[in-house]
Amino acid sequence: MRSSINYLLTGLARCDTVLILTSMFIFGLPAFYKYTKTPLLFSYYYRVYPFLSTVVYPIALIAQTCTVYLTLTVTLERFVAVCHPLQARSFCTYGRAKLYVILIIIFSILYNLSRFWEVKVEVEYDMDYNVTMYTPVPSSLRNNQMYISVYIHWLYLLFIYFLPFIILAVLNTAIYMQIRKANQERQRLSRLQKKEICLATMLLCVVIVFFLCNILALITNVLEAFYGIVLTKMVKTSNLLVTINSSVNFIIYVIYGEKFKRLFLKLFCSHSPRICDGGTTDSVMLSNGDTRHSIRGCRANESVKRAARALPCVYYPARHNSKWNQDHTTTTTLNQI
């Protein structure tokens, strides 16, 4: 599965994971303590969370920026693959995907660098509990009206919502039109073209969920930027939806991506059947119980290679009436998406 789209999806999954974890620390656990008042989280809320928020909060915004632009990059990659297949060979490469991910991470860090100075910690002594408490509060930078107006409102709306949303809408409309056209001419499509269309359909669902989960955050930011209205419950709900968006992408992959589904069963279902995938690479995976050995570029018998590449992309049982299966029941091939 070594391909440009899979590398981008891996980067997106990593950023989604970081966003989920940071949301748990700065939103989930504090909210859980406020509603339950459990003594187990008392020390966390008043001693750990204030210092943690000064670092975790900027990291969460960096992860959110990475998620937005990786989603945009994945859409752009699918747009080229589906609508301009002749240019896909040169633009949609594994090396370029690595470069895109690195550039997005650098941009996200530089764009959110000032966030590390937005929060400071104040010390308070509580007479009732007879303990020293710490509270995170906005810094002087975060209270600066020029900073709020230019960076928090205008730049945030432009780079996190308006610009990505418009580009995603245009590109996905073009992809949708191409998919409709391809479905009408499906009999004339090659196997590779059908695979690209199926993958584009899956990622179209990812983008639709992205729009649905981020639209409320866009509304809350517009209300605050243009009308000075801050609805606390709406802000909390929008934060929850952004976290949900990072949580459901994996489910979409498994539902719509046949290869993702098979590999999911292979990894997490110990009694699932073995997987056989036709491939265009000489990379062969040998599976024997829990031990897996990767053989790449080995000088295997050419007839074995041809047989492995000719296998259909379905589960296969160990059949004893086939000479090939008798000798190679533990062999699977993984091809690129």
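Residues numbered from 1 in each chain as written. Predicted model: local features only at pLDDT ≥ 70, side-chain atom pairs only at ≥ 80, totals over all residues. Heavy atoms only, no water.

1. Details of the pattern of salt bridges
Tallied over the full model, the rule gives three salt bridges. Two residues, Glu77 and Arg78, come together in a salt bridge whose shortest N-O distance is 2.8 Å. Looking at Arg78, the relative accessible area reads 3%, which means it is buried. Here Glu118 makes a salt bridge to Arg115, at a shortest N to O gap of 3.3 Å. Exposure class is identical for Glu118 and Arg115. Each is buried. Among the charged side chains, a network of salt bridges with common partners joins Arg115, Glu118 and Arg142. (Salt bridge = Lys/Arg side-chain N within 4 Å of Asp/Glu carboxyl O. Buried < 20%, exposed > 50% of the residue type's maximum accessible area, 1.4 Å probe, protein only.)

2. A look at helix α1 (residues 4-36)
Between the first and last C-alpha of α1 there are 46 Å, a value that for 33 residues agrees with the 48 Å anticipated at 1.5 Å per step. Of all bends in α1, the biggest is about 45°, found at Met24. Looking one or two residues past α1, Lys37 carries a phi angle of roughly 55°, positive in sign. (Helix = DSSP H or I, 4+ residues; strand = E, 2+ residues; numbered from the N terminus. Expected span 1.5 Å × (residues − 1). Bend = angle between axes of the 7 residues up to and from the residue.)

3. Concerning helix α7 (residues 232-256)
Across its 25 residues, α7 extends 36 Å between first and last C-alpha, which sits within 8% of the 36 Å expected from 1.5 Å per residue. By the largest-angle criterion, Ser247 marks the main kink of α7, which is about 30°. By the burial criterion, the buried members of α7 are Ser238, Val242, Thr243, Asn245, Ser246, Asn249, Ile252, Tyr253 and Val254. Its buried side turned inward, α7 meets α1, α2 (42-83), α6 (191-227) and α8 (258-268). (Contact = heavy atoms within 4.5 Å.)

4. Side note on the UniProt feature "transmembrane region" (unreviewed entry) in the protein chain
Under the UniProt annotation, "transmembrane region" (unreviewed entry) lies at residues 12-35, 55-76, 97-117, 151-176, 197-219 and 239-256. Annotated as 100% helix and 0% strand, the span residues 12-35 places its first and last C-alpha atoms 32 Å apart. Segment residues 151-176 splits into 100% helix and 0% strand. End C-alpha atoms: 34 Å apart. (UniProt positions renumbered as here; feature names shortened; annotations may be inferred.)

5. Describing the side chain of Arg78
The residue Arg78 is located in helix α2 in this model. Those residues in contact with Arg78, other than ones at most four positions away along the chain, are Ile5, Cys83, Ile175, Glu196, Leu199, Ala200 and Leu203.

6. Here's the deal with the packing of aromatic side chains
Overall, the coordinates contain 24 aromatic pairs when judged by the stated rule. Centre to centre, the rings of Tyr69 and Phe107 are 5.4 Å apart; their planes meet at 75°, and the pair counts as edge-to-face. Within this pair, whereas Tyr69 is found in helix α2, its partner Phe107 is found in helix α4 (residues 94-111), the two being separated by 38 residues in sequence. Residue Tyr69 is classed as buried on the basis of its relative accessible area, which comes to 12%. We classify Phe107 as partly exposed; its relative accessible area is 30%. An aromatic cluster is defined as three or more aromatic residues linked by ring pairs; in this entry it consists of Tyr33, Phe42, Tyr44, Tyr45, Tyr46 and Tyr49. (Phe/Tyr/Trp six-rings, centres within 6.5 Å; stacked < 30°, edge-to-face > 60°.)

7. Looking at unusual backbone geometry
Most of the time, phi is negative for any residue but glycine, and the peptide bond is trans. The phi dihedral of Lys37 falls on the positive side, at around 55°, and the residue is not glycine. Tracing the sequence through the fold places Lys37 in the loop between α1 and α2. You can call Lys37 exposed: its relative accessible area is 53%.

8. Side note on the pairing of strand β2 (residues 131-138)
Bridge count between strand β1 (residues 119-126) and β2: eight bridges; the pairing is antiparallel. Opposite Val119, over in β2, you have Pro138 as the bridge partner. (Pairing = 2+ DSSP bridges.)

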